[in-house]
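# Survey of secondary and tertiary structure
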Amino acid sequence: AAPSAQTATLRIISTTDLHGQVSTMHYDTASDKPGSLAQAYTLIKQARTEVGTRNTMTIDTGDSVYGYAADYILEKSGENVLQPIYKAMSLVNYDAITLGNHDFDYGYSYIDKQLELSGLKNKCVLSNIILADTGETAWNETMVVTKKLKTNKNKSVNVDIGLIGITIPAMSTYSDCKEDLIPLPIVSTVEKEAAALKAQGVDLIVVIAHSSFGTANPESMSNNAMYALTRLSDIDAVVAGHGHKNYPSDDEASATYYNLPNVDRQTGLMNGKPVTMIKDHGAGIGLIDLTLKITSGGKIEVAKSAASLRMVTKDT
């Protein structure tokens, strides 16, 4: 009998819309309730251990800073003091992050400084925001992360993962960041960047999207265009944010997503692609598990995919 092909699991772990929530104290509402990066990190560590840390990738889809606490720190301490959420994120060991609209609320120079101070700048990928004066992307246009995965036969295989980061074209409604930055359309930008990554020979392409689902055919500059990304043939998985809802989920608030074409209620796959989105303020983590088949010629193929959420509780 012919030997069976090797397989390996890649687990994509995600957070989103943290909004400065390091601990359970919600400074905006003066309340203490479940939901924080600290608690989400407990779930992240567990999720890494289950498949082996080397077989995981951890990403964040933006809106990390925003709120009264962030306003106060900036006002009292100035631009050179690191916001606590970015300090905390620097300890999580993310592979990549992107930015949300609220990350721009204090202007381009401030968020760029925060990323530099936290050591996260080289991990920030944002493909559809360019500098007004040069036309170049303000941060990494795309990224390629190589993971040395452990296979089912206890071997090692290198997998090159292309990452595309996008945010809503509206950016912030609170700052004048559009004097420094120009937004590009989501879908056409991702399509172009995915083709370029494929030409580089990457094995997988994952979109880190600070964008909610939207419609099957969104307007060019629509803020919510994530669903349309799952229709692109080059894309293998999408991690979404901005919508402050859970997906996949049986939550009533998320029911409308299942009315979109080619969404499988049993698996949560959209157009055959795994998708996750988590509510705000560290409510939980998203998990995408890709079962990869390694052919005899070394080609990597997605044999199976699954998406799920794990929610923070008061006992986390």
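What counts, and where the lines are drawn
- Residues numbered from 1 in each chain as written.
- Predicted model: local features only at pLDDT ≥ 70, side-chain atom pairs only at ≥ 80, totals over all residues.
- Heavy atoms only, no water.
- Core = buried A, V, L, I, M, F, W, Y, C linked by side-chain atoms within 4.5 Å.
- Buried < 20%, exposed > 50% of the residue type's maximum accessible area, 1.4 Å probe, protein only.
- Helix = DSSP H or I, 4+ residues; strand = E, 2+ residues; numbered from the N terminus.
- Contact = heavy atoms within 4.5 Å.
- Axes fitted to C-alpha atoms, helices over the stretch in contact; angles between N-to-C directions.
- Parallel < 35°, antiparallel > 145°, perpendicular 65-115°, else oblique.
- Nonpolar A, V, L, I, M, F, W, Y, C, P; charged D, E, K, R; others polar.
- Salt bridge = Lys/Arg side-chain N within 4 Å of Asp/Glu carboxyl O.
- Phe/Tyr/Trp six-rings, centres within 6.5 Å; stacked < 30°, edge-to-face > 60°.

### Observations concerning the nonpolar core
- Met-89, Phe-104, Leu-115, Trp-139 and Leu-181 are the most contacted members of the largest nonpolar core, which totals 36 residues.
- Secondary structure elements with two or more residues in this core: helix H1 (37-51), helix H3 (84-92), helix H4 (108-118), strand E6 (129-131) and strand E13 (284-294).
- With residues up to four places along the chain from it excluded, the contact list for Met-89 reads Leu-18, Leu-37, Asp-60, Ser-64, Tyr-94, Ile-97 and Leu-120.
- Ranked by size, the runner-up nonpolar core spans 28 residues in total, among them Val-207, Val-238, Tyr-247 and Met-277.

### Some thoughts on the environment of Ala-196
- The topology assignment puts Ala-196 in helix H5 (residues 186-200).
- Linking Ala-196 and Thr-142, residues 54 residues apart in sequence, is a C-alpha distance of 9.6 Å.

### Remarks on the packing of H1 against H3
- Following both chains from N to C, one finds H1 and H3 inclined at 10°, their axes separated by 11 Å at the closest point. Considering the angle they form, H1 stands roughly parallel to H3. Residues Leu-37, Tyr-41, Ile-44 and Arg-48 of H1 form the contact with H3, whose own contacting residues are Ile-85, Ala-88, Met-89, Leu-91 and Val-92.
- A breakdown of the residues in the contact of H1 with H3 according to their chemical character gives eight nonpolar, no polar and one charged.

### A look at the pattern of salt bridges
- With the rule as written, the count across this model stands at seven salt bridges.
- The partner of Lys-121 in a salt bridge is Asp-112, and the shortest N-O contact between them spans 3.2 Å.
- Using a relative accessible area of 30% as the deciding quantity, one classes Lys-121 as partly exposed.
- When its relative accessible area of 13% is taken as the criterion, Asp-112 is described as buried.
- Note that Asp-315 and Lys-314 form a salt bridge whose closest N and O atoms lie 3.5 Å from each other.
- Several salt bridges share partner residues, and in doing so they unite Arg-11, Glu-50, Asp-289 and Arg-310 into one network.

### Here we look at the packing of aromatic side chains
- This model, assessed by the stated rule, comprises eight aromatic pairs.
- For the pair Tyr-108 and Trp-139, a centre-to-centre distance of 5.6 Å together with 65° between the ring planes defines the contact as edge-to-face. Here Tyr-108 is found in helix H4, whereas its partner Trp-139 is found in the loop between E6 and strand E7 (143-150), with 31 residues between them in sequence. Comparing Tyr-108 with Trp-139 shows no difference in burial state: the two are buried.
- Seen in terms of ring centroids, Tyr-247 and Tyr-258 are 5.4 Å apart; in terms of plane orientation they differ by 40°. Their pairing is tilted. Here the residue Tyr-247 occupies a position in the loop between strand E11 (237-240) and strand E12 (275-276), and Tyr-258 occupies one in the loop between E11 and E12, the gap between them amounting to 11 residues. Across the pair, exposure class does not vary: Tyr-247 and Tyr-258 are buried alike.
- Taken together, the aromatic side chains of Phe-213, Tyr-247, Tyr-257 and Tyr-258 make up a single cluster linked through ring pairs.

By themselves, these figures tell us nothing about what the structure is for.
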